[in-house]
Amino acid sequence: SQQGEEDPQALSIQEGENATMNCSYKTSINNLQWYRQNSGRGLVHLILIRSNEREKHSGRLRVTLDTSKKSSSLLITASRAADTASYFCATDLGITPLVFGKGTRLSVIA
Amino acid sequence: GAVVSQHPSRVICKSGTSVKIECRSLDFQATTMFWYRQFPKQSLMLMATSNEGSKATYEQGVEKDKFLINHASLTLSTLTVTSAHPEDSSFYICSARDLPGGQMNTEAFFGQGTRLTVV
């Protein structure tokens, strides 16, 4: 069953703007991961944040994790048209399979 | 980084036939692989966990006799959709994790996915 719930489900922004996506989950986790999926393709790992971390950066990506609220956010700064994709959060309870949220479909308009 | 290769990327088959999808870990040994199914604009739903040398573990609601999984080696898992029906048309994705020595907090690697269309 799905654990993560992303919002918004769909987001449309202009190129250069920032995009923020949120993810909520239900149980305790080892880590939370964000993935990107271009239409009809596999998933690409973006960033992993451990349960004892609160914020992590990778290039134009910034991820926060609030374990007390069981929520995470993904911020993409200075968005580009090439960032158009679906973004999923996935919770990791250990060496078990990842459980994915429903995803946010991001459209960046040039 | 680790690579997972999935083949074929697209397949069209007739109702009643069987289709085999392969998933290979190219530069690491994957004792466990995972098979997901994804409907259009939906999330990934775990179908089964494939364990090398043993039977797969299926999620509730997934027919094990219809979706046959074989994990014969540490680098290859196959999913066979048997007696395919149009409702089996979907996007199937495999995943593997490189977990040397049981290490946790590692990313998962995904195949490119297989678009199955049953006509």
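Shown above is the structure to which this text applies.
Residues numbered from 1 in each chain as written. Chains lettered and ligands numbered in written order. Predicted model: local features only at pLDDT ≥ 70, side-chain atom pairs only at ≥ 80, totals over all residues. Heavy atoms only, no water.

In terms of regular secondary structure, chain A is built from zero helices and eleven strands. Walking chain A from its N terminus toward its C terminus, one meets helices and strands in the order β-β-β-β-β-β-β-β-β-β-β. A compact globule built from 110 residues would reach a C-alpha radius of gyration of about 13 Å, and chain A, at 13 Å, matches this within 12%. Overall, the C-alpha framework of chain A stretches about 40 × 30 × 20 Å when taken along its three principal axes. Out of the 110 residues belonging to chain A, those deemed buried represent 46%. Contacts spanning at least 24 positions in sequence make up 55% of the contacts within chain A whose residues lie at least 6 apart. Accessible surface computed for chain A: about 5100 Å², of which carbon and sulfur atoms make up 46%. (Helix = DSSP H or I, 4+ residues; strand = E, 2+ residues; numbered from the N terminus. Rg over C-alpha atoms; globule rule 2.2 N^0.38 Å. Buried < 20%, exposed > 50% of the residue type's maximum accessible area, 1.4 Å probe, protein only. Contact = heavy atoms within 4.5 Å. Areas by Shrake-Rupley, 256 points an atom, 1.4 Å probe, with all protein chains shown as cover.)

Glancing now at the overall build of chain B. Along its length, chain B carries zero helices and eleven strands. Along chain B, helices and strands appear, N-terminal first, in the series β-β-β-β-β-β-β-β-β-β-β. Here chain B has a C-alpha radius of gyration of 14 Å; the compact-globule value for 119 residues is 14 Å, and the two agree. Taking the principal axes of the C-alpha coordinates as reference, chain B spans close to 45 × 25 × 25 Å. Taking all 119 residues of chain B together, the buried fraction comes to 47%.

This part covers the sheet that holds strand S1 (residues 4-7) of chain B. The strands making up a sheet associate through hydrogen bonds between their backbones, and the pairing can be parallel or antiparallel. All names here are of chain B. Across the sheet, four strands lie side by side as S1-S3-S8-S7; this open sheet has antiparallel pairing. Two strands in the sheet have a free side with no partner beyond their single neighbour: S1 and strand S7 (67-73). When the angles between neighbouring strand axes are averaged without regard to direction, this sheet yields 15°. Bridging between S1 and strand S3 (residues 19-25) involves four bridges; their strand directions are antiparallel. Across the sheet, Ser5 pairs through a bridge with Arg24, a residue of S3. (Pairing = 2+ DSSP bridges. Axes fitted to C-alpha atoms, helices over the stretch in contact; angles between N-to-C directions.)

Frequently, the measure chosen for interface size is the accessible area removed from exposure when the parts meet. In this complex, chain B contributes 25 residues to the contact, which on the side of chain A involves 24 residues. In total, chain B and chain A occlude about 1900 Å² of area from one another, counting both sides; carbon and sulfur atoms represent 57% of this. The leading source of residues in the side of chain B that touches chain A is strand S5 (residues 44-51) of chain B, at four residues. Of the residues belonging to the side of chain B that touches chain A, the class tally is eleven nonpolar, ten polar and four charged. (Buried area = accessible area lost by both parts, 1.4 Å probe. Nonpolar A, V, L, I, M, F, W, Y, C, P; charged D, E, K, R; others polar.)

On to the pairing of strand S4 (residues 31-37) of chain A. All names here are of chain A. Counting buried positions over the seven residues of S4 gives seven, a clear majority of the element. Both faces of S4 are covered, namely the face carrying Asn31, Gln33, Tyr35 and Gln37 and the face carrying Leu32, Trp34 and Arg36. Where S4 and strand S5 (residues 43-50) come together, seven bridges link them in antiparallel fashion. Looking at the pairing, Tyr35 lines up with His45 of S5.

The next thing to look at is the side chain of Ser86(A). Its place among the elements puts Ser86(A) in strand S9 (residues 85-92). Excluding residues within four positions of it along the chain, Ser86(A) makes contact with Tyr35(A), Arg36(A), Gln37(A), Thr104(A) and Arg105(A).

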